[in-house]
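# Notes for the structure review
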Amino acid sequence: MIDVLIIGGGIAGIETACSLQDLGYETVIVEKERTIGGHLNNWDTLFPTHRPASEVLEYYTEETRKRALTIYLNTYVTSIIKLDDGTFEVNTSRDVIFHSKTVVIASGYSLFNAERKEEYGYKIYDNVLTSADLEKKLKTLNGEFKTPTDKVPEKIAFIHCVGSRDEKSGNHYCSKLCCVTAVKQAIHMKQICPQADIFCCYMDLRMYGPGFEEMYREAQEKYHIQFIRGRLSEVGENADGTLQLKVEDTLAARPSKIKVDMLVLMVGMESPQSTALFKETCGLQCAPNRFIQPNDHHIGSNKTNIDGLFTAGTSIGPMSIFDTINHAKASAITIKNYLSRN
Ligand code: SF4
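Residues numbered from 1 in each chain as written. Predicted model: local features only at pLDDT ≥ 70, side-chain atom pairs only at ≥ 80, totals over all residues.

## Here's the deal with the overall build of the chain
Summing up its helical and strand segments, the chain has seven helices and 18 strands in all. Along the three orthogonal principal directions, the C-alpha set of the chain runs to about 65 × 40 × 35 Å. Counting every position in the chain, which comprises 342 residues, the buried fraction comes to 41%. Long-range pairs, those at least 24 residues apart, make up 64% of the contacts in the chain between residues at least 6 apart in sequence. (Helix = DSSP H or I, 4+ residues; strand = E, 2+ residues; numbered from the N terminus. Buried ≥ 20, exposed ≤ 12 C-beta atoms within 10 Å, placed from the backbone. Contact = placed C-beta atoms within 7 Å.)

Next up, the structure:
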């Protein structure tokens, strides 16, 4: 019988396992992908310091190796069943069945599929990217930055709130991190394409964390990034591959047209499909936004409605990497208290 089965080998899952090992507990991690690290594998730099994401990834890869953590890769959980004796049976895609005293769901988030906002032209026009596409492009950049149609960009627009705070997408919540990511990416683009004019079209700017507001100020004063309070209504493509944006400037109360070489859609975070599966197989309670509902928002955000079933990281909602790491550490302490009582 394992002490703790952890679902997800991203940063939340690995940090939970490390913290639990320090507290003397045996863990097993089940990860659906071929590698650990989750979304961090595709990220270039982190806000607000522009630190390479690979540094954090390397730290956790090294911890995993040093501590000889047990990880099943390429394995996804098909059901979680709570048994009468209070322990769990966890079934997986590889016909391995785990029996565990507790389970932690650290299965993270999915990125909003921008194709659902057809009017923004993603996968229709070549020069429309998502924020995740841009990170991948920057991570593998070798030489001069060019748009997908091979042009050094002179005008770039970032569109905030794609798939978040959007009734049509069914996501009323704020994804919390896309504003600061847009500012980070806009600064990065200005650094590597100093000739480019860069616009951010936002609804509200949510610069909630330490160093975020300072970065936003720097984006305006040092990098001359232009912030337009407005909503994109439509994207069209010109014959030369440039994009025509129709934006409603909500401060000036007038519609405007902007021609750009590249458009970046700041896609939001959604609950992954696995959460719905866990809801179905073990009665896990989810919030209206489809993320896992914490047992108590203030004093029990690592607990679920099921005794012995815990959460770590973005499985309960959008969260930055530093908040994710702290949430995972808190999860380990909550589990320790549970296991020492049961
Ligand atoms: S963080 Fe900013 S871009 Fe993201 S959903 Fe919230 S307001 Fe929109």
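Now that the structure has been shown, we can carry on.
## Thoughts on the site of the ligand
In the region of the ligand, 14 residues are neighbours, and Cys-161, Ser-164, Cys-174, Cys-178 and Cys-179 sit closest. If you list the elements that add at least two residues to the shell around the ligand, you get strand S11 (155-162) and helix H4 (178-192). Residues that form the shell around the ligand fall into these classes: six nonpolar, four polar and four charged. (Near = placed C-beta within 6 Å. Nonpolar A, V, L, I, M, F, W, Y, C, P; charged D, E, K, R; others polar.)

## So, the sheet that holds strand S16 (residues 262-267)
Here we have seven strands laid out as an open sheet, ordered S10-S16-S11-S12-S13-S14-S15, and mixed in their pairing. Where the open sheet ends on each side, the last strands, each with one partner, are strand S10 (128-130) and strand S15 (254-260). Each strand axis lies, on average, 35° off the axis of its neighbour in the sheet, ignoring direction. Inspection of the sheet shows strand S14 (residues 243-249) paired to S15 by seven bridges, in the antiparallel sense. Its bridge partner lying in S15, Val-247 is registered against Ser-256. (Pairing = 2+ DSSP bridges. Axes fitted to C-alpha atoms, helices over the stretch in contact; angles between N-to-C directions.)

## What to know about helix H1 (residues 11-22)
Along its 12 residues, H1 runs 16 Å from first to last C-alpha, staying within 8% of the 16 Å computed at 1.5 Å per residue. Counted residue by residue, H1 has 10 buried out of 12 residues, so it is predominantly covered. In this fold, the buried residues of H1 make contact with strand S1 (2-7), strand S2 (27-30), helix H2 (53-66), strand S8 (97-105) and helix H7 (321-341). Positive phi shows up at Gly-24, right after H1, with a value of about 95°. (Expected span 1.5 Å × (residues − 1).)

## Observations regarding the domain arrangement of the chain
Per the domain assignment, the segments making up the chain are domain 1 (2-109 + 271-341) and domain 2 (114-268). The centre of domain 1, based on its C-alpha atoms, is set 32 Å off from the matching centre of domain 2. With 10 residues of domain 1 at the contact, the number on the domain 2 side is 17 residues. By residue class, the composition of the side of domain 1 that touches domain 2 is four nonpolar, five polar and one charged. (Domains from an automatic or database assignment.)

## Looking at the pairing of S1
Relative to S8, S1 runs parallel, the two being bridged by five bridges. Note that in S8 the partner of Ile-2 across the bridge is Ser-100. Two strands pair when backbone bridges link them, and S1 and S2 are joined in this way by four bridges, in the parallel orientation. Each bridged residue has a counterpart across the sheet, and for Ile-6 the counterpart in S2 is Ile-29. Tracing the backbone out of S1, into H1 and back to the parallel element S2 gives a crossover that is right-handed. (Right-handed = clockwise from strand over helix to strand, strands pointing away.)

## Here's the deal with unusual backbone geometry
Residues Phe-47 and Pro-48 are joined by a peptide bond in cis, for which omega reads -5°. Its location among the elements puts Pro-48 in the loop between strand S3 (45-46) and strand S4 (51-52). Located in the positive-phi region is Asp-150, a residue other than glycine, with phi close to 70°. Relative to the helices and strands, Asp-150 resides in the loop between helix H3 (131-139) and S11. For His-224, which is not glycine, the phi dihedral falls at a positive 55°. Looking at the secondary structure, you find His-224 in the loop between helix H5 (212-221) and strand S13 (226-237). Residue His-224 is classed as exposed on the basis of its C-beta count, with 10 C-beta atoms lying within 10 Å.

## Section: the packing of H1 against H7
Direction vectors running N to C along H1 and H7 enclose 40°, while the axes themselves pass 8 Å from each other. When the axis of H1 is compared with that of H7, the two are oblique. Judged by the sense of rotation from one axis to the other, the crossing of H1 with H7 is right-handed. For the pair H1 and H7, the contacting residues are Ile-11, Ala-12, Glu-15, Thr-16, Ser-19 and Leu-20 in the first and Ile-321, Thr-324, Ile-325, His-327, Ala-328, Lys-329, Ser-331, Ala-332 and Ile-335 in the second. (Parallel < 35°, antiparallel > 145°, perpendicular 65-115°, else oblique. Left-handed = near helix turned anticlockwise from the far one by under 90°.)

## Describing the environment of Glu-58
Note on placement: Glu-58 falls in helix H2. Accessibility expressed as a C-beta count within 10 Å gives 12 for Glu-58, which makes it exposed. Along the primary structure Glu-58 and Gly-37 are separated by 21 residues, whereas in three dimensions their C-alpha atoms are 9.3 Å apart.

## A look at the pairing of S2
Here three bridges tie S2 to strand S5 (residues 70-72), and the two strands are oriented parallel to one another. The residue of S5 that forms the bridge with Val-28 is Thr-70.

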